[in-house]
Amino acid sequence: MREIFPFIGHKEGELFIEGVRAEEIAREVGTPLYVYSRKAIEEAYREIEEAFKEVNPLIAFAVKSNSNVHVLKLLKELGAGADTVSAGEIYRAITAGIEPKKILFAGVGKREEEIEFALDRGILMFNVESEGELYKIEEVAKRLGKVAPIAVRVNPEVDPKTHPYIATGLKSSKFGVDFGTALKMYERAKESKYLKPVGIHFHIGSQITDISVFSQAAQKVKELVKELGSRGIEIEYFDAGGGLGINYRPDEKPVSAGELARALIPHVKELKCRLILEPGRRIVGNAGVLITELLYRKETPEKLFYIVDAGMNDLARPSLYKAYHHIEAVRGGEKKVKATIVGPICESGDLFGEGRELPEMKEGELLAIFSAGAYGFTMASNYNSRPRPAEVLVEGDSFRVIRQRETLADLISREF
Ligand code: LLP
């Protein structure tokens, strides 16, 4: 196979996901359709596990990147925990069999019911994002007669050099708290019968490819942990968040997990803390493709449009962030035209790629949009009253539907 991304590529002029022809899946399940490679997920997970094995971290998969229960189950089998941001994500993680003691609960706006839900399940820790939230967690814990394990999410104020919408560690961001506020919060938690400081958390952004920003952030947070130690507050978990980037272009090399390990390991060793990582995109991003059918070719005096049956409701990243996703014809062929690939949604921003080199294609043929395994299905919506796509997992020479395509009846099922 000529791989485009690991375990996904062309063989005899056809796109394969592991041992299965993309066309065979699409003909059986319909389009648009998300397809994931089990081996690609496993390999990406193991790369991180291997790079960090010296310190045996908890790898808490960021459920927001791909929350399908079957994907979570397979990660559970590999030993993963879960980084969650809602009761819904905790529910999914637990349904997949992930032990509560491997679940983190982050997010800037946790509701009281969600805090209660998490406390009842006995999760590993709450990553707390404001003073108000700390008081709320204390109040709920007191009411339930429990002790809430907490980490404060601190803002190390480093620029992750990524898209502004996914940068979270800057001073101006809504995430985390400054170091001064964090110290106050830890002092407060130490005094409380219902709170137990167990960790510290930072997450500076997503799709980061410059590892030096991780070192800078870890260095700053390490100093804070030492300061806490001198005040009698012992930190057990050093949670360095997610954010490790992937290559969206097949001809680019991704930054290695080993490099990230070299940036983080010395700090956790010095502190004698257990490291927690929260990777999402890095594990599932390049393991997924969105398969879509060419509905119409439309030639205007300016451009050749390939109008496909997937829209920005199915994969929002190109329209939301102007993100680049590689696109190829499922049946290879010589690249002869420049086509602009657009969806059926009534918005000019419903665009997957501008002037892409592709073969001459006929209506009814299939295209693959790559790197769609992370923040693909999880950000899909029903905009334009379009049922959300199906999801399929390929395992070697076989595949199975892991989420059925929504139906028209599903669209209005809550409106009676
Ligand atoms: N931990 C925390 C606290 C996070 O906020 C995130 C992502 C992660 C971990 C996982 O980050 P990753 O390893 O996947 O980079 N929808 C955007 C990405 C938003 C990321 C939000 N937080 C996109 O499609 O690019």
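Just so we're clear, the structure is a prediction, and the values are computed from it rather than from any experiment.

A. Representation of the site of the ligand. Close to the ligand lie 19 residues, the nearest being Ser-206, Glu-278, Arg-317, Tyr-321 and Tyr-375. Here a nitrogen atom of the ligand sits 2.6 Å away from a polar atom, N or O, in the side chain of Glu-278. Here the ligand, which alone exposes 590 Å², has 92% of that area covered by the protein. Taken together, the residues of the shell around the ligand break down into 6 nonpolar, 7 polar and 6 charged.

B. Structural view of the pattern of salt bridges. One pass over the structure, following the stated rule, counts 33 salt bridges. The residue Glu-54 makes a salt bridge to Lys-269 at a minimum N-O spacing of 2.3 Å. One end of the pair, Glu-54, is in the loop between helix H2 (38–51) and strand S6 (58–62); the other, Lys-269, is in helix H9 (residues 257–271), with 215 residues separating them in the sequence. Residue class for Glu-54 comes out exposed when judged on its relative accessible area of 54%. Here Lys-136 and Glu-112 are joined by a salt bridge, their closest N and O atoms 3.3 Å apart. In this pair, Lys-136 is assigned in helix H6 (residues 131–144) and Glu-112 in helix H5 (residues 112–121), connecting sequence segments 24 residues apart.

C. Local environment of the domain arrangement of the chain. When the domains of the chain are assigned, the result is domain 1 (2–37 + 285–412) and domain 2 (38–280). If you average the C-alpha positions of domain 1 and of domain 2, the two centres end up 32 Å apart. Between domain 1 and domain 2, the residue contacts involve 30 residues of the former and 24 residues of the latter. Here domain 1 meets domain 2 over a buried area of about 2,300 Å², counting both sides, of which 57% is carbon and sulfur. When the area that domain 1 buries against domain 2 is broken down by residue, the three leading residues are Tyr-321, Tyr-324 and Tyr-375, summing to 23%. On the surface where domain 1 and domain 2 come into contact, there are 2 salt bridges. Of the charged contacts in the structure, one is a salt bridge between Arg-38 and Glu-395, with a shortest N-O distance of 2.6 Å. The interface formed by domain 1 and domain 2 includes 16 residue pairs in polar contact (both at pLDDT 80 or more). If you list the elements that add at least two residues to the side of domain 1 that touches domain 2, you get strand S1 (2–5), strand S5 (33–37), helix H11 (317–321), strand S20 (390–395) and strand S21 (398–403). With 4 residues, the single largest contributor to the side of domain 1 that touches domain 2 is S20. Classifying every residue of the side of domain 1 that touches domain 2 gives 14 nonpolar, 10 polar and 6 charged.

D. Spotlight on the sheet that holds strand S8 (residues 103–105). With parallel pairing, the 8 strands of this closed barrel are ordered in space as S6-S7-S8-S9-S10-S11-S12-S13. The sheet shows a mean angle of 30 degrees between the axes of neighbouring strands, direction not considered. This element, H6, spans strand S9 (125–128), strand S10 (148–153) and strand S11 (195–201) of the sheet and lies at about 150 degrees to S9.

E. Layout of the nonpolar core. Core analysis: the biggest nonpolar cluster contains 105 residues, and Phe-52, Phe-126, Ile-200, Phe-238 and Tyr-306 have the highest contact counts within it. A domain split of this core shows at least three residues from each of domain 1 (2–37 + 285–412) and domain 2 (38–280). Judged by nonpolar contacts, the second largest core, of 22 residues, contains Ala-26, Val-35, Val-392 and Val-394.

F. A look at unusual backbone geometry. A cis amide bond links Thr-31 with the next residue in sequence, Pro-32, at an omega value of -10 degrees. Although it is not a glycine, Glu-12 adopts a positive phi angle of roughly 45 degrees. Judged by its relative accessible area of 79%, Glu-12 is exposed. Residues other than glycine seldom take positive phi values, yet Glu-18 does so here, at roughly 50 degrees. Here Glu-18 lies in the loop between strand S3 (14–17) and strand S4 (20–21).

G. How the structure looks around the pairing of strand S2 (residues 8–11). Two strands pair when backbone bridges link them, and S1 and S2 are joined in this way by 3 bridges, in the antiparallel orientation. Its bridge partner being in S2, Glu-3 is matched across the sheet by Gly-9. Linking S1 back to S2 in an antiparallel pair, the connection comprises 2 residues, with Phe-7 at a positive phi of about 70 degrees. Here S2 pairs with S3 via 4 bridges, running antiparallel. Bridge assignment links Gly-9 to a residue of S3, and that residue is Phe-16.

Reading the values: the criteria
Residues numbered from 1 in each chain as written. Predicted model: local features only at pLDDT ≥ 70, side-chain atom pairs only at ≥ 80, totals over all residues. Heavy atoms only, no water. Near = heavy atom within 4 Å. Polar contact = N/O pair within 3.5 Å; in protein donor to acceptor, adjacent residues only side chain to side chain. Areas by Shrake-Rupley, 256 points an atom, 1.4 Å probe, with all protein chains shown as cover. Nonpolar A, V, L, I, M, F, W, Y, C, P; charged D, E, K, R; others polar. Salt bridge = Lys/Arg side-chain N within 4 Å of Asp/Glu carboxyl O. Helix = DSSP H or I, 4+ residues; strand = E, 2+ residues; numbered from the N terminus. Buried < 20%, exposed > 50% of the residue type's maximum accessible area, 1.4 Å probe, protein only. Domains from an automatic or database assignment. Contact = heavy atoms within 4.5 Å. Buried area = accessible area lost by both parts, 1.4 Å probe. Pairing = 2+ DSSP bridges. Axes fitted to C-alpha atoms, helices over the stretch in contact; angles between N-to-C directions. Core = buried A, V, L, I, M, F, W, Y, C linked by side-chain atoms within 4.5 Å.

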